[in-house]
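# Report on the structure
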Amino acid sequence: MIAVIKGDIIHSRKLRNPEPWLKPLQELFSQWGETPKNWELVWGDFFQLEIKNPEEALHRAIQIKILIKKIQSEENQKNSSPIDVRISIGIGEKNYTGVKISESNGPAFINAGEKFDRLKKEKINLAIQSPWKELDEEINLYLKLAGIVMDSWSISSAELMEVVWNHPNITQEEIGEKLGIKQNSVSGRWNRTHVVDLMEIEKVYRKRIKKLIL
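Our subject in this report is the structure included herewith. (Residues numbered from 1 in each chain as written. Predicted model: local features only at pLDDT ≥ 70, side-chain atom pairs only at ≥ 80, totals over all residues. Heavy atoms only, no water.)

## Notes on the pattern of salt bridges
Under the defined criterion, the tally for this structure stands at 13 salt bridges. D8 serves as the salt-bridge partner of R86, at 3.0 Å between the closest nitrogen and oxygen. Taken together, the residues R86 in strand β4 (residues 84-92) and D8 in strand β1 (residues 2-10) connect sequence positions 78 residues apart. On the basis of relative accessibility, which here comes to 12%, the residue R86 falls in the buried class. Of the charged contacts in the structure, one is a salt bridge between E19 and K23, with a shortest N-O distance of 3.7 Å. Taken together, the residues span about one helical turn, with E19 and K23 both in helix α1 (residues 19-32) at a distance of four residues. Using a relative accessible area of 46% as the deciding quantity, one classes K23 as partly exposed. (Salt bridge = Lys/Arg side-chain N within 4 Å of Asp/Glu carboxyl O. Helix = DSSP H or I, 4+ residues; strand = E, 2+ residues; numbered from the N terminus. Buried < 20%, exposed > 50% of the residue type's maximum accessible area, 1.4 Å probe, protein only.)

What follows is the structure, given as structure tokens:
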């Protein structure tokens with residue numbers, strides 16, 4: 001049982017220069033595996049990753065979301081439709097391993113592809129599809145609500161979320177030191193970002209998956 005993430009960068013083609021988000025995205029993916037066996041970034045804005053442990057899939061999907069939402073560029077800030085990311089997570093078996101991830105196949109890849117194809121129509125930017133209908137219904141409801149928050153993150157909210165996502169036990173005082181901001185500013189960003197709620201959703205997902213794949 002594995003997880004497959006499929007995604008694309010929303011409104012990327014309205015920007016002449018992809019460098020601000022392309023290189024950081026490649027660097028992040030490189031921490032998780034080798035290309036093209038474990039991940040690929042094609043056509044400049046479409047990506048696919050294989051995650052051996054499905055429990056990690058939502059954490060990594062949100063990490064991608066955080067990275068894209070914190071990207072700063074003059075061109076992006078002037079754009080009336082700032083870039084964002086659309087992600088599906090497919091969970092299931094892997095039946096064939098190709099030289100490239102795009103050549104691999106199995107239910108995990110099919111689930112990721114089917115869900116990705118429906119995201120735009122469903123007007124959501126993050127969802128899962130697994131062999132378990134009840135899991136999908138529960139987690140996708142949480143993610144639909146979480147998306148209302150995540151899709152509207154400002155750069156400063158994403159910067160705070162990045163710190164917390166990578167250091168879940170960090171204190172607000174330590175966050176302030178890392179970001180160079182005062183305690184009251186940390187508190188305000190913390191509440192606007194809904195840090196605790198998102199971490200709870202990730203924990204619920206991890207708990208449910210762990211129980212199902214045992």
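Here the narrative resumes.
## As for unusual backbone geometry
Along the chain, T35 connects to P36 via a cis peptide bond; the corresponding omega equals 5°. Following the sequence through the fold, P36 ends up in the loop between α1 and β2 (39-42). Phi is positive for K123, close to 60°, though the residue is something other than glycine. Of note, K123 is situated in the loop between α4 (107-122) and β5 (126-129). On the basis of relative accessible area, K123 is assigned to the exposed category, the value being 76%. A positive phi angle is found at H194, which is not glycine, with a value near 60°. With a relative accessible area of 33%, H194 lands in the partly exposed category.

These values are about where atoms sit, not about what they do.
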